[in-house]
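Listed here are the chains, written in short residue letters.
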Amino acid sequence: MTKTTSALWLQNFTAVYRELASDNLEALRKIYHPEVVFCDPLHRVEGLDNLLDYFQGLYRQVISCEFTIDEVLEHQGEAAVYWTMTFRHKQLNGCQPIVVEGHSQLRAKDNKVIYHRDYFDVGAMLYEQLPLLGGLIRAVKRRAVN
C-alpha cells in the first residue's frame, strides 16, 4: 500500500528509483540536492558528484536491480520510503536474484533530497550470499531463534 503524497520532490524520488538502472544513473541529479548526504549500512557519501561515483561503482557489478516502492509516508519535508530491492550481482548468489527489504529516511531542501539514509539487513544483502561466510551466518541466525 502506498500513501499518496502531494510533495513533488518525493514523487520525483520514487519515480526515479522505480526506473533506476546502470544506463540512467544521471537521473539521480534530478532528485538529489548538490549538498546531499547519503548513508547506508556500508558507506557515507557527501555531495552529489560523490554520490554519482558511488552508484556507478555499485552498478558496475550489478546485472540487474529493481526497486518496488511498498509504502511512502511524508510529513513537512521529511519522508520514510519502504521498499523491496531485487537484484542480481555478478559475484553473489551465483548471479541469482537476491531480495532485500528496507526503508529510506529522506529529508528535502529546495525540492530535492538533501539527506538520504537507508536501513536494511546487510547480512541478507551481502554476507549471506558469500560462499563460506553465508553458511556460517545462516547457521548463527538459526541458532539465535531456536
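These numbers come from a predicted model, not from an experiment.

Participant: Lay out unusual backbone geometry in plain terms, naming residues and giving numbers.
Facilitator: The phi angle at cysteine 95 is positive, at roughly 65 degrees, despite the residue not being glycine. Its location among the elements puts cysteine 95 in the loop between strand 4 (78–89) and strand 5 (98–109).

Participant: Before we move on, can you summarise the sheet that holds strand 4 with the specific residues and values?
Facilitator: Read across the sheet, six strands follow the order 2-1-6-5-4-3 without closing on themselves; strand pairing throughout is mixed. Of all strands in the sheet, those with a lone pairing partner are strand 2 (44–46) and strand 3 (62–75), marking the two edges. Along the sheet, successive strands turn relative to each other by an average axial angle of 20 degrees, direction set aside. Bridging between strand 5 and strand 6 (residues 112–120) involves eight bridges; their strand directions are antiparallel. Each residue of the ladder has a partner; that of alanine 108, found in strand 6, is valine 113. Its contacts with the sheet place helix 1 (residues 8–19) against strand 1 (32–39), strand 3, strand 4, strand 5 and strand 6, and it is angled at close to 160 degrees to strand 3.

Participant: Give a description of the confidence of the model for the chain that names residues and reports values.
Facilitator: Considering every residue of the chain, the mean pLDDT works out to 87; 83% of them sit at 70 or more. The lowest-confidence element of the chain is helix 5 (residues 131–145), averaging 65 in pLDDT; the highest-confidence one is strand 1, averaging 98. In the predicted structure, residues 1–5 sits below a pLDDT of 50 and forms 11 contacts with residues beyond four places in sequence or in another chain.

The rules behind the values
Residues numbered from 1 in each chain as written. Predicted model: local features only at pLDDT ≥ 70, side-chain atom pairs only at ≥ 80, totals over all residues. Heavy atoms only, no water. Helix = DSSP H or I, 4+ residues; strand = E, 2+ residues; numbered from the N terminus. Pairing = 2+ DSSP bridges. Axes fitted to C-alpha atoms, helices over the stretch in contact; angles between N-to-C directions. Contact = heavy atoms within 4.5 Å. pLDDT = per-residue confidence, 0-100.

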